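This is what each chain is made of:
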Amino acid sequence: MAGLSGVPGAAGPRQREALPAGLARQQYAALAAMRWQVFRNSLRTGKGVLEFGARVLSYAMFGMLGLGMSVGFGFGSFAMITSGHVQYLPILFWVVSLIWLMLPVVMASMQEQFDLGILLRFPVSFRSYFLLYLIFGLVDVSTVTGALCCLGLGIGITVARPELLPWIGLALAVFAAFNVLLVRAIFAWIDRWLAQRKTREIVGAIFLALVLCMQLLNPALYQGRHRGARGFEERVGQEQRAFSKIRPWLTRADAVQRWLPPGLAARAALFAADRQPEPAFDSVGLLGMYALMAGLVLGWRLGAEYAGESLGEAPSRKAARHRKVADRGGWTAGGSGPMAAIVEKEVRALRRTLPLLYAVGAPLLLVLVFAGVFIRNGPTGHTFQLALPICLVYAQLGFTQLIYNNLGAEGAGIQLYFLSPTPIRTVLLAKNVFHSILFVLVALAAGALALLRLGAPPAPVIAASAAWLVFALPCNLTAGNIFSLIMAYRINPGRLTKQRGSQGNALLSMLVQLGVIAVGAAVFSLCWTFDAHWVATPVLLLLAVAAVTAWRLGLGKAEALANAHKEELIATLCRAE
Amino acid sequence: MSAARPPPVLRGRQAVAAGLPAPVWLPPRGLLCLPHMENAAIQTCGLTRRFGALTAVENVTLGVAQGQFFGFLGPNGAGKSTTIKMLTGLLEPTAGTMEILGRPFGAGALDLKRQIGVVPEGMALLGRLTAPEYLHFVGRMYGLDAGTARERTEELLEFMQLADERRKLVTDFSHGMQKKLALAAAVIHGPKVLFLDEPFEGVDAIAAGMLKTMLAGMISRGATIFLTSHVLEIVERLCSHVAIIHQGRLVANGSLEELRAGVASALPGAEDGRRLTLEEIFLSIVGAGGAESAQELSWLA
């Protein structure tokens, strides 16, 4: 932590004042006791017990997932070392880094994160603040999963070459420390950028640019070489030709990646395997420098928080007056009724909520990735027929938080819905309409991407996929409305981290979505097994009619359900962050 | 109002300790309601709310006439906000009935909700909107057409001195600005009954002065205001009638003069004709136990 004394705020007046010896330890104990009391008190209510049960279950699930990946990495690294393909070892380290980086975003609604900002009112030293920030980061899903993956890598390499244990242990420890610090630093900075409109817009623009780049990159890499491929051999030939084209690029990328942390960690192992301790030590040292740099970047951010930075963004009075006339217009949904007002408000709120935009847009990226996978693995060069429905299924996942916690972002504003003469039914209906339009747009985009990348599947697949969408949407909306009323949780839409989350809601919504997907998959597989492809569409449409009926019934009962859970809902969403 | 209005009620520890006579108007045990007021804006009968074993509000029976500026006072945790939440449909009463503008009121009374404006405890703001967007949204939620909502939004922003902050998100507003916005949202639809839970908390003196003028104007045009505040000077200046709730029970209810008359005999020095302040009345009714405790905190600097 010595290197952190230069960060802004760290040298502030509170830092310079000498705190009594043992105070930090006392504060850690108090914080631990507070967390324990919070946990114990959370079990006083049925909802709290359900949350705890869901948390245990989800941690068990992710633990299994982590263990599975750990075993995979273990076997992978073992195979690479024993088969002499050690040059591919960096790939595994890069994958671990990506998992470490991506999981916090994917798992945002699955884990409760503690906002340490509340500690700043107490005489907590910057060192303690930094340390606590790191410690609280250690108990999240990404760290646990990443650590398990590292463990798997370590075991795999050690079993293959036991003499490498000290080196790989050291390299993996520094690599893990780097990842923990990097992830915390990135999300701390993103949260800071999302806190202000100007920086938020810049981050949004960068995000959109990245999306576009990904969209262009994937087709550029794969599309040309698969056009017109008919047989397996022809496809293999195309693959080889494409590979030889990108080989120079890969060589250059390899030269760059070996100086980056995952590459350095892998190189430490490779040098150690070649019995070259000095370069191995250099690699670990450089990796340590990267970790230190990540720590400094994190410290810089936390230092500003610690110093009590103000992220207020009041425009100057002159500028505000200047803008006044221009602002009077503004986008409207048309119509005067509450429905239009709510849709309009939802559009505005979504536009300003990058994490939700990301959640909605991210599956599109993965659709592109899937499309690449299908192109490579499609049977005998023909378009993989079920690629379209699978892409649509994936597109729906981005809507989990929007649909299943559709009141969560209202905060104290939830009271307005109960105070105004607009029935909750209308509020939910408007939100459902907005989410449906958005979902249909994303589904169309996902479908279009899949069609462009893979070509048009047979007509029965297109029809059945559309029918499944008509079935899935009301199913999700029905369950989403119910969960939103009885299991809502407050979210701060401007933050990626420090969210409350609800394991109960997340787990149950995942189960419902899996159920909807399973029904679709069952219909598809039955119809394709019995070669009755066209039957899938009417069956799914029939199910859609039932789902729409259930949605209408659910909406009809929304008022009663809302009134029954009104107090808990208001208490949950009005609770101070 | 005057025909049906009850005389002031004094109960609670202080009243008992002072040996005040039992209020003559109290109905016999079991009969908890006041006679029906003809022009009542708010009337409750035996309003009770329990949270498990805790009774937050117990048998609150009161009437507020139309056009009255009514102050609802009580120490922290006395049940003021719980009462307001029940009166505005945010909380279901465990027992008792309530009428707003002469009609039974419950969560489903949507037509009646159009006549009510509320600044609730949590202010009910939507942080991701700007002030004009929020006011426009609230106006339409209360059934105003888009044009009217937009016009009133502009007027209210000017009035509340928020017009310069139109690009700022509500979540970035200071507490005082949020309070002003919540007040603007509570009146945008021109309510006949206004419930204000601590409306002056965190509002600067200039804005508070404007708000008082606005509220007085509403009263002169026939609106009814039900206000809770810890700033007793403001309540004394604005309200014609006051009720005091203590430990969930209504312990006093009447005009300021009636309350003064009620406690005068119990307060030393009040007999010499000195006009008692609302603070003195309030402390004499709910007690000032905190004063003695504070003296015991010898470790405080």
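Structure shown above.
In this report, the structure presented in the accompanying data block is examined. All residue numbers refer to position in the chain's written sequence, counted from 1. Chains and ligands are labelled by the order in which they are written, letters from A for the one and numbers from 1 for the other. With the structure being a predicted model, the display of local features is reserved for residues of pLDDT at least 70 and the display and counting of side-chain atom pairs for 80 or more, all residues being used for whole-chain, interface and lining totals. Only hydrogens and water are set aside when side-chain values are computed; all heavy atoms of the structure are taken into account.

1. A word on the nonpolar core
Across soluble globular proteins, nonpolar side chains have a tendency to be buried as a group. One finds Tyr134(B), Phe195(B) and Phe226(B) to be the most contacted residues of the largest nonpolar core, which totals 159 residues. Runs of E in the DSSP output that reach at least two residues are strands. Runs of H or I that reach at least four are helices, and both are numbered from the N terminus. The element best represented in this core is helix α19 (residues 459-486) of chain A, accounting for 13 residues. Contacts: residue pairs with any heavy atoms within 4.5 Å of one another. Here Phe195(B) is in contact with Ile42(B), Ile84(B), Leu87(B), Thr88(B), Ile100(B), Ile116(B), Gly117(B), Val118(B), Val119(B) and Phe226(B), once residues within four sequence places are set aside. Residue types Ala, Val, Leu, Ile, Met, Phe, Trp, Tyr and Cys, when buried and joined through side-chain atoms within 4.5 Å, form a set referred to as a nonpolar core. Burial status follows relative accessibility: with a 1.4 Å probe on protein chains alone, a residue under 20% of its type maximum counts as buried, one over 50% as exposed, and anything between as partly exposed.

2. Details of the packing of aromatic side chains
Centre-to-centre distance and the angle between the planes together describe a pair of aromatic rings. Residues and elements named next belong to chain A. Pairing of aromatic side chains requires ring centres within 6.5 Å, counting the rings of Phe and Tyr and the six-membered ring of Trp. Pairs whose planes differ by under 30 degrees are stacked, by over 60 edge-to-face, and all others tilted. Applying the stated criterion across every chain yields a total of 13 aromatic pairs over all chains. Note on Tyr 129 and Tyr 306: the rings are 5.9 Å apart at their centroids and 45 degrees apart in plane angle, and the pair reads as tilted. Residue Tyr 129 is found in helix α5 (residues 126-138), and its partner Tyr 306 is found in helix α11 (residues 277-306); the two are separated by 177 residues along the sequence. The buried category is assigned to Tyr 129, whose relative accessible area is 1%. Ring geometry for Phe 524 against Trp 528: centres 5.2 Å apart, planes inclined by 25 degrees, an arrangement best described as stacked. With a gap of four residues between them, Phe 524 and Trp 528 both fall in helix α20 (residues 503-529), about one helical turn apart. Neither residue differs from the other here; Phe 524 and Trp 528 are each classed as buried. Taken together, the ring pairs in this structure connect Phe 126, Tyr 129, Phe 130 and Tyr 306 into an aromatic cluster.

3. Details of the pairing of strand β8 (residues 193-197) of chain B
All names here are of chain B. By the criterion of burial, β8 is predominantly enclosed, with five of the five residues buried. Side chains Val 193, Phe 195 and Asp 197 of β8 all project onto a buried face; the interleaved residues Leu 194 and Leu 196 project onto the opposite face, where all are buried too. Whether two strands pair comes down to DSSP finding at least two bridges between them. As paired strands, strand β7 (residues 116-119) and β8 are joined by four bridges and run parallel to one another. Bridging from a neighbouring strand, Ile 116 pairs with Val 193 of β8. Sheet topology note: the β8/strand β9 (residues 224-228) ladder contains five bridges and is parallel. When the sheet's bridge partners are listed, Val 193 is paired in β9 with Thr 224.

4. Digging into a nonpolar patch on the surface
Residues and elements named next belong to chain A. Residues qualify for a patch when their relative accessible area is over 30% and they have no salt bridge, like charges being joined within 9 Å and the nonpolar side chains of Val, Leu, Ile, Met, Phe, Trp and Tyr within 5 Å. For every accessible area listed, the method is Shrake-Rupley and the probe measures 1.4 Å; residues are considered covered only by the protein chains on display. Note on definitions: salt bridges are taken to be side-chain nitrogens of Lys or Arg within 4 Å of carboxyl oxygens of Asp or Glu. A cluster of nonpolar side chains, namely Trp 259, Leu 286, Met 289, Leu 292 and Leu 296, defines an oily patch on the protein surface of about 480 Å² accessible area. Position of Leu 286 among the secondary structure elements: in helix α11. By relative accessible area, which is 30% here, Leu 286 ends up partly exposed.

5. Remarks on the packing of helix α18 (residues 424-454) of chain A against helix α21 (residues 536-556) of chain A
All names here are of chain A. Axis lines are fitted to C-alpha atoms, over the contacting stretch for helices. Their N-to-C directions set the angle, which ranges from 0 to 180 degrees. Put simply, α18 and α21 touch, their axes get as near as 9 Å, and they point 145 degrees apart. Two secondary-structure elements touch here, α18 through Arg 425, Leu 428, Leu 429 and Asn 432 and α21 through Trp 551, Leu 555 and Gly 556. Here the contact of α18 with α21 is composed, by residue class, of four nonpolar, two polar and one charged. Any residue outside Ala, Val, Leu, Ile, Met, Phe, Trp, Tyr, Cys, Pro, Asp, Glu, Lys and Arg is labelled polar, Gly included; the first ten of those are nonpolar and the last four are charged.

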